[in-house]
Amino acid sequence: MYVVKYIKYGSEEYSKTLELRNDVMRKPLGRNIYDEDFSCEANQIIIGAFETNSLFTNLLIGCGVLSYQGDNTWMVEYLCVDSVLQKKGVGSALMQCMEKIAMDRGATKITLDARISAIDFYQRFGYIQKGEIFHKEIAPGGHVVMEKELNPMPKEHKHDENCSCGCGGHHHHH
């Protein structure tokens, strides 16, 4: 079991997100996340999935970072899950949560740069590939831009608030 919650930039929990992102996304490529500047994340929305099992209280197992791009468009900057736990629904829970956060803020579109290997994952959420494969300097391997058009939530829609980020506790059903 795990809970998803907001993470404050610069907090101890935030430093755990850098550690996790380094282990999963940088070290395998022979890179170091601490060489990069993350000061922009002070203005972004950061969420984390924390293991609630008593042995591993507060163990960060996944994180997501969302940024506002203007014009009611939000971007998923990062979606990262502990490699041991991938395919267990943690990434999906974080994704649903980020979509809800963006929709609550009036988003009409979410965009992201997907690794080739993650295209199928995002397609399941209704993201559509835009344009050709491109390469990022910090992350070798091809990426594609993917987008999803959203219909903002009608105001009277009530969510089930089981989890502190208000994603409706979907991830407890896995």
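Here the structure is shown first, and the text comes after it.
Residues numbered from 1 in each chain as written. Predicted model: local features only at pLDDT ≥ 70, side-chain atom pairs only at ≥ 80, totals over all residues. Heavy atoms only, no water.

**Q** Account for the overall build of the protein chain, with residues named and values stated.
**A** If you tally the helices and strands in the protein chain, you get 3 helices and 7 strands. Looking at the protein chain as a whole, 45% of its 174 residues qualify as buried. At a minimum sequence separation of 6, the contacts of the protein chain that also span at least 24 residues come to 60%. A total of about 9,500 Å² of accessible surface is found on the protein chain, and carbon and sulfur atoms cover 51% of it. (Helix = DSSP H or I, 4+ residues; strand = E, 2+ residues; numbered from the N terminus. Buried < 20%, exposed > 50% of the residue type's maximum accessible area, 1.4 Å probe, protein only. Contact = heavy atoms within 4.5 Å. Areas by Shrake-Rupley, 256 points an atom, 1.4 Å probe, with all protein chains shown as cover.)

**Q** Please give an account of the pattern of salt bridges that cites residues and values.
**A** Following the criterion strictly, the structure yields 7 salt bridges and no others. Arg-26 is the salt-bridge partner of Glu-36, the closest N and O atoms lying 2.6 Å from each other. With a gap of 10 residues between them, Glu-36 in the loop between α1 (12-26) and β2 (45-51) and Arg-26 in helix α1 connect regions that are remote in the sequence. (Salt bridge = Lys/Arg side-chain N within 4 Å of Asp/Glu carboxyl O.)

**Q** So, the layout of surface pockets: which residues are in play, and what are the values?
**A** Here the largest pocket is characterised by a volume of approximately 1,100 Å³. Lining the largest pocket are 40 residues, with Met-25, Leu-79, Arg-115, Ala-118 and Tyr-122 sitting closest to its centre. For the lining of the largest pocket, the elements supplying multiple residues, two or more each, are α1, β4 (73-81), α2 (90-104), β5 (109-115) and α3 (119-124). Counting residues per element, the lining of the largest pocket draws most heavily on β4, which supplies 7 residues. Of the residues that constitute the lining of the largest pocket, the class distribution is 22 nonpolar, 7 polar and 11 charged. (1 Å grid on protein atoms, 1.4 Å probe; cavity = no way out; pocket = protein on both sides within 12 Å on 5 of 7 lines; lining within 4 Å. Points joined across faces, edges and corners; volume = space filled by probe spheres on them. Nonpolar A, V, L, I, M, F, W, Y, C, P; charged D, E, K, R; others polar.)

**Q** Give me the nonpolar core: which residues, what numbers.
**A** Grouped together as the largest cluster of nonpolar side chains are 33 residues, with contacts concentrated most on Met-95 and Tyr-122. Elements with a minimum of two residues in this core: β1 (2-7), β2, β3 (59-70), β4, α2, β5, α3 and β7 (142-149). Here this core gets 9 residues from one element, more than from any other, and that element is α2. In this view, Tyr-122 contacts Leu-79, Met-95, Leu-112, Ala-114, Tyr-127 and Met-146; residues no more than four positions away in its chain are not counted. Phe-38, Phe-50, Val-65 and Tyr-78 belong to the second largest nonpolar core, which has 14 residues in total. (Core = buried A, V, L, I, M, F, W, Y, C linked by side-chain atoms within 4.5 Å.)

**Q** Can you lay out α1 for me, pointing to particular residues and giving the numbers?
**A** Here α1 contains 15 residues, and its C-alpha end-to-end distance of 20 Å stays within 8% of the 21 Å for a straight helix at 1.5 Å per residue. For α1, every residue scored as buried is listed here: Glu-13, Tyr-14, Thr-17, Leu-18, Leu-20, Arg-21, Asn-22, Met-25 and Arg-26. In this structure, the buried residues of α1 make contact with β1, β2, β3, β4 and β5. (Expected span 1.5 Å × (residues − 1).)

**Q** Tell me about the sheet that holds strand β6 (residues 128-135), residues and numbers included.
**A** Across the sheet, 7 strands lie side by side as β1-β2-β3-β4-β5-β7-β6; this open sheet has mixed pairing. Of all the strands in the sheet, just β1 and β6 have a single pairing partner and so form its edges. The sheet shows a mean angle of 25° between the axes of neighbouring strands, direction not considered. Sheet topology note: the β6/β7 ladder contains 5 bridges and is antiparallel. The residue of β7 that forms the bridge with Ile-128 is Glu-147. Against the sheet, α2 contacts β1, β2, β3, β4, β5 and β7, and its axis sits at roughly 160° relative to β4. (Pairing = 2+ DSSP bridges. Axes fitted to C-alpha atoms, helices over the stretch in contact; angles between N-to-C directions.)

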